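Per-entry structural report
Below, each chain spelled out in residue letters.
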Protein chains: 2
Amino acid sequence: MRDRKVIDLPSSNVSCNECSLQQLCLPQSINGNELDKLDNIIERKKPLKRNEYLFQVGSPFDSIYVVRSGSLKTYSPTIDGQEQVTGFHLPGELLGLDAIGSGQHPCVAKALETTSVCEIPFESLEELTQSMPTLQHQLLRLMSKEIFDDQELMLLLGKKTAEARLSAFLLSISLRFKQRGFSSTEFYLSMSRNDIANYLGLAVETVSRMFTRFQEDGIINAERKHIVINDWDTLQQLAGISQLSEKEACTKKA
Amino acid sequence: MRDRKVIDLPSSNVSCNECSLQQLCLPQSINGNELDKLDNIIERKKPLKRNEYLFQVGSPFDSIYVVRSGSLKTYSPTIDGQEQVTGFHLPGELLGLDAIGSGQHPCVAKALETTSVCEIPFESLEELTQSMPTLQHQLLRLMSKEIFDDQELMLLLGKKTAEARLSAFLLSISLRFKQRGFSSTEFYLSMSRNDIANYLGLAVETVSRMFTRFQEDGIINAERKHIVINDWDTLQQLAGISQLSEKEACTKKA
DNA sequence: ATAATAACTTGATAAATGTCAATTTTATAA
DNA sequence: TTATAAAATTGACATTTATCAAGTTATTAT
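Report follows, based on the coordinates. (Residues numbered from 1 in each chain as written. Chains lettered and ligands numbered in written order. Predicted model: local features only at pLDDT ≥ 70, side-chain atom pairs only at ≥ 80, totals over all residues. Heavy atoms only, no water.)

**With respect to the relation of the copies chain A and chain B**
Once chain A is rotated about the relating axis by 180° and shifted along it by 0.0 Å, it coincides with chain B to within an RMSD of 0.0 Å. On this basis, the relationship between the two copies can be described by a two-fold rotation axis. Take the interface residues of chain A: 88% of them recur as interface residues in chain B, which is what a same-surface contact looks like. (Least-squares fit on C-alpha atoms with pLDDT ≥ 70 in both. Contact = heavy atoms within 4.5 Å.)

**So, the environment of B:Phe187**
Tracing the backbone through its elements, the reader meets B:Phe187 in strand 9 (residues 186-188). Distance in space between the C-alpha atoms of B:Phe187 and B:Ile229 is 8.9 Å, their sequence separation being 42 residues. (Helix = DSSP H or I, 4+ residues; strand = E, 2+ residues; numbered from the N terminus.)

**What to know about the protein's contact with DNA strand D**
In the region of DNA strand D, 20 residues are neighbours, and A:Ala162, A:Thr206, B:Arg209, B:Thr212 and B:Arg224 sit closest. The share of sugar and phosphate among atoms of DNA strand D within 4 Å of the protein is 69%. Within the backbone of A:Ala162, one N or O atom sits 2.8 Å away from a phosphate oxygen of DNA strand D. Within the side chain of B:Arg224, a nitrogen or oxygen atom sits 3.1 Å from a sugar or linking oxygen of DNA strand D. Elements represented by at least two residues in the surface near DNA strand D include exactly helix 6 (204-216) of chain A together with helix 5 (193-200) and helix 6 (204-216) of chain B. With four residues, helix 6 of chain B is the single largest residue contributor to the surface near DNA strand D. Of the residues that constitute the surface near DNA strand D, the class distribution is three nonpolar, eight polar and nine charged. (Near = heavy atom within 4 Å. Polar contact = N/O pair within 3.5 Å; in protein donor to acceptor, adjacent residues only side chain to side chain. Nonpolar A, V, L, I, M, F, W, Y, C, P; charged D, E, K, R; others polar.)

**A few points about the interface of chain A and chain B**
The interface of chain A with chain B comprises 49 residues on the first partner and 45 residues on the second. Between chain A and chain B the total buried area reaches about 4,300 Å² when both faces are included, carbon and sulfur atoms providing 59% of it. Per-residue buried area on chain A facing chain B is highest for A:Gln130, A:Met154 and A:Lys159; these three make up 16% of the total on that side. Here chain A is connected to chain B by 20 residue pairs in polar contact (both at pLDDT 80 or more). (Buried area = accessible area lost by both parts, 1.4 Å probe.)

**Examining the side chain of A:Lys110**
Residue and element names in this part refer to chain A. Along the chain, the position of Lys110 falls in strand 7 (residues 108-111). Look at Lys110: it is buried, it has no salt bridge, and the nearest opposite charge is Glu83 at 6.1 Å. Those residues in contact with Lys110, other than ones at most four positions away along the chain, are Asn51, Glu52, Tyr53, Leu72, Lys73 and Tyr75. (Buried < 20%, exposed > 50% of the residue type's maximum accessible area, 1.4 Å probe, protein only. Lys, Arg positive; Asp, Glu negative; His and termini not counted. Salt bridge = Lys/Arg side-chain N within 4 Å of Asp/Glu carboxyl O.)

**Focus: the sheet that holds strand 6 (residues 94-95) of chain A**
Residues and elements named next belong to chain A. As summarised here, the arrangement of the four strands in space is 1-8-3-6, forming an open sheet in which the pairing is antiparallel. One side of each edge strand has no neighbouring strand; the edge strands of this open sheet are strand 1 (43-44) and strand 6. Inspection of the sheet shows strand 3 (residues 63-69) paired to strand 6 by two bridges, in the antiparallel sense. Directly across from Val66, in strand 6, lies its bridge partner Leu94. (Pairing = 2+ DSSP bridges.)

**Digging into the protein's contact with DNA strand C**
Looking at DNA strand C, there are 19 residues lining it, with A:Arg209, A:Thr212, A:Arg224, B:Ala162 and B:Thr206 nearest. When atoms of DNA strand C within 4 Å of the protein are split into backbone and base, the sugar-phosphate part holds 68%. B:Ala203 is positioned such that a nitrogen or oxygen atom in its backbone is 3.1 Å from a phosphate oxygen of DNA strand C. Between DNA strand C and the protein, one listed contact pairs a base oxygen with a side-chain N or O atom of B:Arg209 at 3.0 Å. Here the element with the most residues in the surface near DNA strand C is helix 6 of chain A; it accounts for four residues. Tallied by class, the residues present in the surface near DNA strand C amount to three nonpolar, seven polar and nine charged.

**Quick word on the packing of helix 1 (residues 32-41) of chain A against helix 2 (residues 122-131) of chain A**
Residues and elements named next belong to chain A. Running from amino to carboxyl end, helix 1 crosses helix 2 at an angle of 165°, the nearest separation of the two axes being 10 Å. Taken together, the axes of helix 1 and helix 2 are roughly antiparallel relative to one another. For the pair helix 1 and helix 2, the crossing hand works out as right-handed. Across the interface between the two elements, Glu34, Lys37, Leu38 and Ile41 of helix 1 pack against Ser124, Leu125, Leu128 and Ser131 of helix 2. Broken down by class, the residue content of the contact of helix 1 with helix 2 amounts to four nonpolar, two polar and two charged. (Axes fitted to C-alpha atoms, helices over the stretch in contact; angles between N-to-C directions. Parallel < 35°, antiparallel > 145°, perpendicular 65-115°, else oblique. Left-handed = near helix turned anticlockwise from the far one by under 90°.)

**Section: helix 6 of chain A**
Residues and elements named next belong to chain A. Taking 1.5 Å per residue as the helical rise, helix 6 with its 13 residues ought to reach 18 Å, and the 18 Å between its terminal C-alpha atoms agrees with that figure. Along helix 6, the positions that sit buried rather than exposed are Val207, Met210, Phe211 and Phe214. What you see down the axis of helix 6 is that its buried residues fit within an arc of 100°, all on one side. Exposed side of helix 6, more than 90 degrees from the buried face: Arg209 and Glu216 are the residues found there. Those residues of helix 6 hidden inside the fold are in contact with helix 4 (162-179), helix 5 (193-200), strand 10 (220-223), strand 11 (226-229) and helix 7 (232-239). Downstream of helix 6 by a residue or two, Gly218 has a phi angle that is positive, lying close to 75°. (Expected span 1.5 Å × (residues − 1). Arc of directions from axis to C-beta.)

**Concerning the pairing of strand 7 (residues 108-111) of chain B**
Residues and elements named next belong to chain B. Both faces of strand 7 are covered, namely the face carrying Val108 and Lys110 and the face carrying Ala109 and Ala111. The pairing of strand 4 (residues 72-77) with strand 7 spans four bridges and is classified as antiparallel. The residue bridging Tyr75 from the neighbouring strand is Val108, located in strand 7.

**Description of the pattern of salt bridges**
Residues and elements named next belong to chain B. Going through the model one piece at a time under the given rule, you end up with 14 salt bridges over all chains. Arg180 serves as the salt-bridge partner of Glu93, at 3.4 Å between the closest nitrogen and oxygen. You can see Glu93 sitting in the loop between strand 5 (83-89) and strand 6 (94-95) and its partner Arg180 sitting in the loop between helix 4 (162-179) and strand 9, a full 87 residues away along the chain. Arg180 shares its class with Glu93; the two are buried. Across the salt bridge formed by Glu163 and Arg213, the nearest N and O atoms sit 2.1 Å from each other. In this pair, Glu163 sits in helix 4 while Arg213 sits in helix 6, placing the two residues 50 residues apart along the sequence. Residue class for Arg213 comes out partly exposed when judged on its relative accessible area of 23%.

Here you go:
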């Protein structure tokens, strides 16, 4: 996938100003002087290696995080020792918004590959939003989007067949790669089949079978984590969700 | 249930100051002078009758809403003409937070009974939060809580048996009644079995059978919408640990 | 490079839940 | 009130997906 990227992912010390993720991130639609202020409160942490944790369940909530490069999964442990994967997080996406209410992280965030993040201390961010209405608005928008996205997933989990779930998952990933300037038809999945199954509320075996079937039907090519989408239209039909709403929610500016 | 209520639900023209829902609502932890300011931007709408709409899919987003009395359901139409119920909303709970991002309501809000709401124009609210850090913080907290709650539901839909889903649903409703000063062990459900099934990602028939089984096992008394919870502990066990407790429950009775 | 481990795939079987159909009960409207 | 429609329940059956088991392929560590 690396050779297919259209934009460069920000390396560890680039400022918001120079960051290619600006349009997907908090800085969207804030400008020069204000951007510098935001930039000043952001801490750029040293990259996480695969399987390292960004935060654990119960960790005190101090900051929200934005993925700069790489990817993470978040998951909540259940009473009976299982895990429920609640999301995958690609560059430009926020983590930790679910902890503001309680002051503690309700889930674990674990790097799926070498991953670097920006840390945004929440108190400073709140102070900053007091004098920057556009920043506040952007924060609210991003939180709202997360609520909206979660509801889409609820719909998926509640109503859809295994086939539709995997289709929707692949389309979602594809779309998000596209928004980040990568190919939407060929990419590497950083998460395991197990993670995908868990996220979609299915057994690993079911997911594996679906991958095989999609490949047999010529809809995709899947060689382990390397995915090529051959037939976007069929995939959308199978997913049975409105790609419209998804696009609008992601690209439209309020 | 009406004769069991501990607090009075606010009637249509009571101010935030006098409102019994203050501690569950946006005003939480803001005081006198500031409360008046919030109070001033809030519009108290005339009550909705059963089956009337608060907003429709695609309605422009101008305001968020707080339930004063009664209840609503929100649902999203799917591409194939189905509906997915995304939530039930009791007094003190917010609606419309999922529309901030796109500027359009992605779901329908429909009254389940005679229902009155406070309308809070979002622009005014954003302005107000600029000078009221505590109000901003409370808004962020409530949005965060919604994200958190949605993730809980995702977990339910992804991982749990029908038994666990209905248990968790009943416990959730019970808890929310309790927080509002009503009995947590005896209440009326304002939503139909169909709505519950849809919300939980189950067939109506399955929900109906579960109600019957819970009743046979003495866990609850369910006469249509009138619910009495007899055995809270078992219900919690069922909600938490699906596989194990399920077998116990089966051998216990059958 | 090789062994050990983890991830993935595939098949057979079982279990849970959905679907269809019929009936009863409750709610709504004439 | 009675007629009509809607909601809820129950049973029989079908289907999807989970589970169990085995084997294969990749990844990691020695």
